[in-house]
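# Working through the structure, step by step
Okay, here's what each chain looks like letter by letter:
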Amino acid sequence: MYIILSLLAGVSIVINMIIGGKVSQREGMINGVYINYLVAAVASLILSAVMIGFTPDYSSLRGIPLPYFLGGFIGVLTTYLANLVVSKLPAVYIVLLRFIGQILTSAIIDYVYFEVLSPGKIIGGVLFIIGLIINVKIDEKEKEENLRLIEEV
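Residues numbered from 1 in each chain as written. Predicted model: local features only at pLDDT ≥ 70, side-chain atom pairs only at ≥ 80, totals over all residues. Heavy atoms only, no water.

## Here we look at the side chain of Ser118
Assignment of secondary structure puts Ser118 in the loop between helix 4 (91-114) and helix 5 (119-152). With a relative accessible area of 12%, Ser118 lands in the buried category. There is a polar contact of 3.2 Å between the side chain of Ser118 and the side chain of Asp110. (Helix = DSSP H or I, 4+ residues; strand = E, 2+ residues; numbered from the N terminus. Buried < 20%, exposed > 50% of the residue type's maximum accessible area, 1.4 Å probe, protein only. Polar contact = N/O pair within 3.5 Å; in protein donor to acceptor, adjacent residues only side chain to side chain.)

Printed below as a string of structure tokens:
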């Protein structure tokens, strides 16, 4: 069940980035972020209404430290940046960059809050970065070769 939910979450992230990029091109960057978060808020309210029996007691929220709620701000920032670059980069690069960011951020959070250094996450993130750089270099070479072939014709 968790594997299916993970796959659906990944697909929804890609679809969200593509739609968010198109909306920001049409409506403007800031409006695109507003629309994205408005739709997310409505979807969250609907999901909360459906899962009303499974939600925790809201009084338990008082015990959560304030920095934990910065996820909303970080979400707005990453959505803004994703909307900014979605029309300039291939979708696979955007997904990989977001994935790399999540892996390295989780390694930082593990270290800061649990004093656990996750070498697997760090090595995995670095390997993804190296693979992305190699892929970009290969794409640049192919683009240069195609331009050269076009100029020869």
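More follows now that the structure is in view.
## Looking at the confidence of the model for the protein
Per-residue pLDDT for the protein averages 83, and the proportion of residues at 70 or more is 99%. Here helix 3 (residues 71-85) stands out as the element of the protein with the lowest mean pLDDT, 79, in contrast to helix 5, whose mean of 88 is the highest. (pLDDT = per-residue confidence, 0-100.)

## So, helix 1 (residues 2-27)
For the α-helix, the turn length of 3.6 residues means that residues three or four positions removed from each other point alike. If you check helix 1, its first and last C-alpha atoms are 36 Å apart, about what 26 residues at 1.5 Å a residue would give, namely 38 Å. Burial in helix 1 covers these residues: Met17, Gly20, Gly21 and Ser24. Residues of helix 1 that are buried make contact with helix 2 (29-50), helix 3 and helix 4. Looking one or two residues past helix 1, Gly28 carries a phi angle of roughly 105 degrees, positive in sign. (Expected span 1.5 Å × (residues − 1). Contact = heavy atoms within 4.5 Å.)

## What about unusual backbone geometry?
For residues that are not glycine, phi is negative in most cases, and the peptide bond is trans in most cases. Positive phi, close to 55 degrees, is recorded for Glu115, a residue that is not glycine. Relative to the assigned elements, Glu115 resides in the loop between helix 4 and helix 5.

## Details of the pattern of salt bridges
With the rule as written, the count across this model stands at three salt bridges. A salt bridge links Arg26 to Glu27, with the nearest nitrogen and oxygen atoms 3.8 Å apart. Accessibility expressed as a relative area gives 37% for Glu27, which makes it partly exposed. We note a salt bridge from Arg148 to Glu152, for which the minimum N-O separation is 3.9 Å. One end of the pair is Arg148 and the other is Glu152, both in helix 5 and four residues apart, which spans about a single turn. Note on Glu152: relative accessible area 55%, which makes it exposed. (Salt bridge = Lys/Arg side-chain N within 4 Å of Asp/Glu carboxyl O.)

## A look at the packing of helix 1 against helix 4
Following both chains from N to C, one finds helix 1 and helix 4 inclined at 120 degrees, their axes separated by 11 Å at the closest point. When the axes of helix 1 and helix 4 are compared, the pair comes out oblique. Taken as a pair, helix 1 and helix 4 cross one another with a handedness that is right-handed. From helix 1, Ile13, Val14 and Met17 reach across to helix 4, where they touch Ile94, Val95 and Arg98. Here the contact of helix 1 with helix 4 is composed, by residue class, of five nonpolar, no polar and one charged. (Axes fitted to C-alpha atoms, helices over the stretch in contact; angles between N-to-C directions. Parallel < 35°, antiparallel > 145°, perpendicular 65-115°, else oblique. Left-handed = near helix turned anticlockwise from the far one by under 90°. Nonpolar A, V, L, I, M, F, W, Y, C, P; charged D, E, K, R; others polar.)

## Here's the deal with the environment of Ala107
Tracing the sequence through the fold places Ala107 in helix 4. Exposure remark for Ala107: the relative accessible area of 5% places this residue in the buried category. Between the alpha carbons of Ala107 and Gly71 there is a distance of 16 Å; along the sequence they are 36 residues apart. Sequence-distant contacts of Ala107, that is, excluding residues within four places in its chain, are made with Val116, Lys121 and Ile122.

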